[in-house]
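Below, each chain spelled out in residue letters.
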Amino acid sequence: MSETSFKLVNETTHESVELPLIRGSIGPTAIDIGRLYKETGNFTYDPGFVSTASCRSAITYIDGEAGVLMYRGYPIEELAKQSSFLEVAYLLLHGNLPSVSELEIFETEVGRHTMIHDSMRHFLRGFHYDAHPMAMLSASIASLSAFYHDEINIEDPDARRLAAIRLIAKMPTIAAACYRYSIGWPMRFPHNNLDYCTRFLHMMYEVPSEPLELNPIATKALELLFILHADHEQNASTSTVRLVGSTGANPYASIAAGIAALWGPAHGGANEAVLKMLEEIGDPANVSKAVARAKDKESGFRLMGFGHRVYKNFDPRAKILRDMCHQVLGELGVDDPLLNVAMKLEEVALNDEYFIERKLYPNVDFYSGIIYKALNIPANMFTVMFSIARTAGWIAHWIEHHETPGARIGRPRQIYTGSVRRAYTPIELR
Ligand code: CMC
C-alpha cells in the first residue's frame, strides 16, 4: 500500500480495493471513496456525516479538538479583535483581506444595494401580524428570485458576485422590516452614511418622532457577533446552500433554503431556544433541578446552548463572546433575572461531572442569546440576526461550489430498509 492510498479488505471474500487519499493544506486526510460503489458494489454509511467530507473548500478551517477556527487562514480571535463585519465578508468572498480602498469600494457597493423593491413591502403585508420573523425572512429572500429572475446567470462570475452583494446588502433591510411588521411599525429605509451594523440598528429601532440614541457597546457587540457567525464551514445550513446550489438553483432560493435549515433548534435556532429555556427555569434557585433533568436521558430535555458537534474541548467563538457578554451586561447595567439564571447555569454546568466528561461547554448560541436579550432584541429575532451574519459565508460557499471545476449535483445514496418486492392486492381484496 502506498502512502497515497488506503486499502479496504472484505474479510469474507478477501477482495480488496485501494482508495486514494486526499490531503488538504491542514487537517485530517480523507479517503476518496468516489469509485467504491463502481469497484465493489458497496456504499458507505455515515448518517449525520460524522466522518464524511462533502466538498473541498478554501474558505474556513476548524480544528474541533484544538478549538481553532480560521477564515481564509486568519484566526477568528484576530479578526474579532481587528476587523469589521464587512471586511470579513469581503475576505470570505474574495479570499484576501481588502486594502483601504478595496474596502471603501465594497462598502459603497453594499450600500448601493440596501434598498428593497417597494412591492416587497406589500409582500410582507400578506403575513399574519404574529408570523415568526424567520418564516417571513426565508420567504422574502426566496422572493428575491422573482424580483431579479432575468438577471441571474449562475455561470457568469459577475452575476454571481452581484447576487452576493445584493444578499449581504438587503438581508438587514428585510430582517428589520420583518421585525417592524411584527410590532406594527412601518419599515425604515436604510441610511447609507452609517456603517453596516449601525444602519441595521437604526432600521430596527428608529422612529420618526425622536432621534435614536445607541450605546456604542450595542454596535460593538453586534459587529463581533456578526463576525463570529459569518461562516462555519460545512454546518447544516451551509451544506444545504451548497446542495441546493448544486442543482443549479438561483442564489436567492439557495440562501432561503439555508435560512430554513438554520432555523432548527439543533442549529441556529438554539439561541432562541436558550432564551425559552432560561424563561422556563425562571430563577437561579431552579438551575440545579434543570441540570439534573438535562442529565436524565428519560426526560428528553437538553441544556440549550451547550455542546457542539465539532468543538469537543471549547468553542473559540464562545470564549470570545463570553468576555463581550460580561462587558455588555456591565456597561448597560442590565439587571435581568433571566441573565442571572444564565450566569448560574454556566457556573453549575461548567463544574458538573456529566458536562465535563462529555466535553459539553456553553456554545456560541448560549452567549449570543444572552447578549441579544441584553440589547433588547426580541427572542424570535435571534436566529434572524444569525442569518444576516451567515449570509456572507453561505454565499461565499455557493460561489465556491460554482467555481469548482467539474462540480456535480449532490445526491447521497441510502440503505433501503423497507419491504422487499411484494404482490399488489387490489383494493377490494384488502
Ligand atoms: N444537554 C445535555 N446533554 C447533552 C447535550 C446538552 N445540550 N448535548 C449533548 N449531550 C449529551 C448526549 O445526551 C450524549 O450523552 P451520552 O454520551 O451519555 O449518550 C453526549 O452528550 C453526546 O451528544 P450527541 O447528541 O452525540 O452530540 P452531537 O454532536 O450529535 O450533538 C448538538 C451536538 C449541538 C446537537 C448537541 O450538543 C445539542 O443538542 N446541544 C443543544 C442544542 C444547541 O445548543 N445547539 C447549537 C449548536 S452550536 C451552533 C451551531 O453550530 O449551529
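Note: the structure precedes this text.
Residues numbered from 1 in each chain as written. Predicted model: local features only at pLDDT ≥ 70, side-chain atom pairs only at ≥ 80, totals over all residues. Heavy atoms only, no water.

Asks: Is there a simple way to think about the pattern of salt bridges in this case?
Replies: Pairs may arise between side chains of opposite charge once their charged atoms sit close together. With the rule as written, the count across this model stands at 10 salt bridges. Between K295 and D352 there is a salt bridge, and its shortest N-O distance comes to 2.9 Å. Of this pair, K295 sits in helix α13 (residues 287-295) while D352 sits in the loop between α15 (337-350) and α16 (353-357), and the two are 57 residues apart along the sequence. You can call K295 partly exposed: its relative accessible area is 32%. Look at D352 and you get buried, because its relative accessible area is 13%. (Salt bridge = Lys/Arg side-chain N within 4 Å of Asp/Glu carboxyl O. Helix = DSSP H or I, 4+ residues; strand = E, 2+ residues; numbered from the N terminus. Buried < 20%, exposed > 50% of the residue type's maximum accessible area, 1.4 Å probe, protein only.)

Asks: Sorry, what's going on with the nonpolar core here?
Replies: Proteins that are soluble and globular tend to have nonpolar side chains buried together. Within the largest apolar cluster, 116 residues are counted, with the highest numbers of intra-cluster contacts made by I141, F226, L303 and L345. Once residues lying within four places of it in the same chain are set aside, the contact partners of F226 are F85, Y196, C197, Y372, M385, I388 and A389. (Core = buried A, V, L, I, M, F, W, Y, C linked by side-chain atoms within 4.5 Å. Contact = heavy atoms within 4.5 Å.)

Asks: What is the right way to read the site of the ligand from this model?
Replies: Around the ligand, the structure places 21 residues, and the nearest of them are H267, R302, L303, G305 and F306. At 2.8 Å, a side-chain N or O of R302 approaches an oxygen atom of the ligand. Between an oxygen atom of the ligand and a side-chain N or O atom of R358, the distance comes to 3.0 Å. Calculation on the ligand without its partners gives an accessible area of 950 Å², and the protein chains cover 76% of this total. The residue inventory of the shell around the ligand, partitioned by class, reads 9 nonpolar, 6 polar and 6 charged. (Near = heavy atom within 4 Å. Polar contact = N/O pair within 3.5 Å; in protein donor to acceptor, adjacent residues only side chain to side chain. Areas by Shrake-Rupley, 256 points an atom, 1.4 Å probe, with all protein chains shown as cover. Nonpolar A, V, L, I, M, F, W, Y, C, P; charged D, E, K, R; others polar.)

Asks: Can you walk me through the environment of A146 in this structure?
Replies: Structurally, the position occupied by A146 is in helix α6 (residues 133-147). In sequence terms A146 and H191 are 45 residues apart; their C-alpha atoms lie 25 Å from each other.

Asks: Sorry, what's going on with α6 here?
Replies: An α-helix turns once per 3.6 residues; consequently, residues spaced three or four apart project the same way. Its 15 residues give α6 an end-to-end C-alpha distance of 20 Å, which sits within 8% of 21 Å, the value for a rise of 1.5 Å per residue. Listed as buried for α6 are P133, M134, M136, L137, S138, S140, I141, S143, L144 and S145. Next to the buried residues of α6 lie α5 (118-125), α7 (157-182), α11 (251-262) and α18 (382-403). (Expected span 1.5 Å × (residues − 1).)

Asks: What is the right way to look at a nonpolar patch on the surface in this model?
Replies: A surface patch of nonpolar side chains, amounting to about 290 Å² of accessible area, comprises F6, L8, I31 and I33. On the secondary structure map, I33 appears in the loop between β3 (30-31) and α1 (36-40). (Patch = residues over 30% accessible without salt bridge, like charges linked within 9 Å, V, L, I, M, F, W, Y side chains within 5 Å.)

Asks: Before we go on, may I ask you to explain the packing of aromatic side chains in this structure?
Replies: Within the structure shown, the criterion is met by 14 aromatic pairs. Note on Y148 and Y252: the rings are 5.9 Å apart at their centroids and 35° apart in plane angle, and the pair reads as tilted. Taken together, the residues Y148 in the loop between α6 and α7 and Y252 in helix α11 connect sequence positions 104 residues apart. Taken as a pair, Y148 and Y252 share a single burial class, namely buried. Summarising the aromatic geometry, the rings of F306 and F355 are spaced 6.0 Å apart at their centres and angled 65° between planes, so their arrangement reads as edge-to-face. On the criterion of sequence distance, the pair formed by F306 in the loop between α13 and α14 (316-332) and F355 in helix α16 is long-range, its members being 49 residues apart. Accessibility assignment for this pair places F306 and F355 in one class, buried. Here the aromatic residues F306, Y354, F355, F366 and Y367 are joined through ring pairs into a cluster of three or more. Directly above the aromatic system of Y37 lies the positively charged group of R413, at a separation of 5.8 Å from the ring centroid. (Phe/Tyr/Trp six-rings, centres within 6.5 Å; stacked < 30°, edge-to-face > 60°. Lys NZ or Arg CZ within 6 Å of the ring centre and 35° of its normal.)

Asks: For this particular structure, what's the right way to read the pairing of strand β2 (residues 16-22)?
Replies: Two faces make up the sheet, and in a regular strand the side chains alternate between them. In this sheet, β2 lies alongside strand β1 (residues 5-9) in antiparallel orientation, the contact comprising 5 bridges. Paired with V9 across the strands is S16, a residue of β2. Adjacent in sequence and paired antiparallel, β1 and β2 are bridged by 6 residues, among which H14 carries a positive phi angle near 65°. Relative to β3, β2 runs antiparallel, the two sharing 2 bridges. Pairing of I22 across the sheet is with A30, part of β3. (Pairing = 2+ DSSP bridges.)

Asks: Can you walk me through the sheet that holds strand β5 (residues 68-71) in this structure?
Replies: The pairing of strands in a sheet comes from backbone hydrogen bonds and takes either a parallel or an antiparallel form. Read from one edge of the open sheet, 3 strands run β4-β5-β6, paired in antiparallel fashion. Each of the sheet's edge strands pairs with one partner strand only, and the pair in question is β4 (60-63) and β6 (74-75). Taken together, the 4 bridges between β4 and β5 define a ladder with antiparallel strand orientation. When the bridges of β5 are listed, Y61 appears paired with M70.

Asks: Please explain the environment of S5 as it appears in this structure.
Replies: Of note, S5 is situated in strand β1. Once the C-alpha coordinates of S5 and P20 are considered, the two residues, 15 residues apart in sequence, prove to be 4.2 Å apart. What S5 contacts, discounting residues up to four positions off in sequence, is E18, L19, P20 and L21. Only 2.9 Å separates the side chain of S5 from the side chain of E18, close enough to count as a polar contact.

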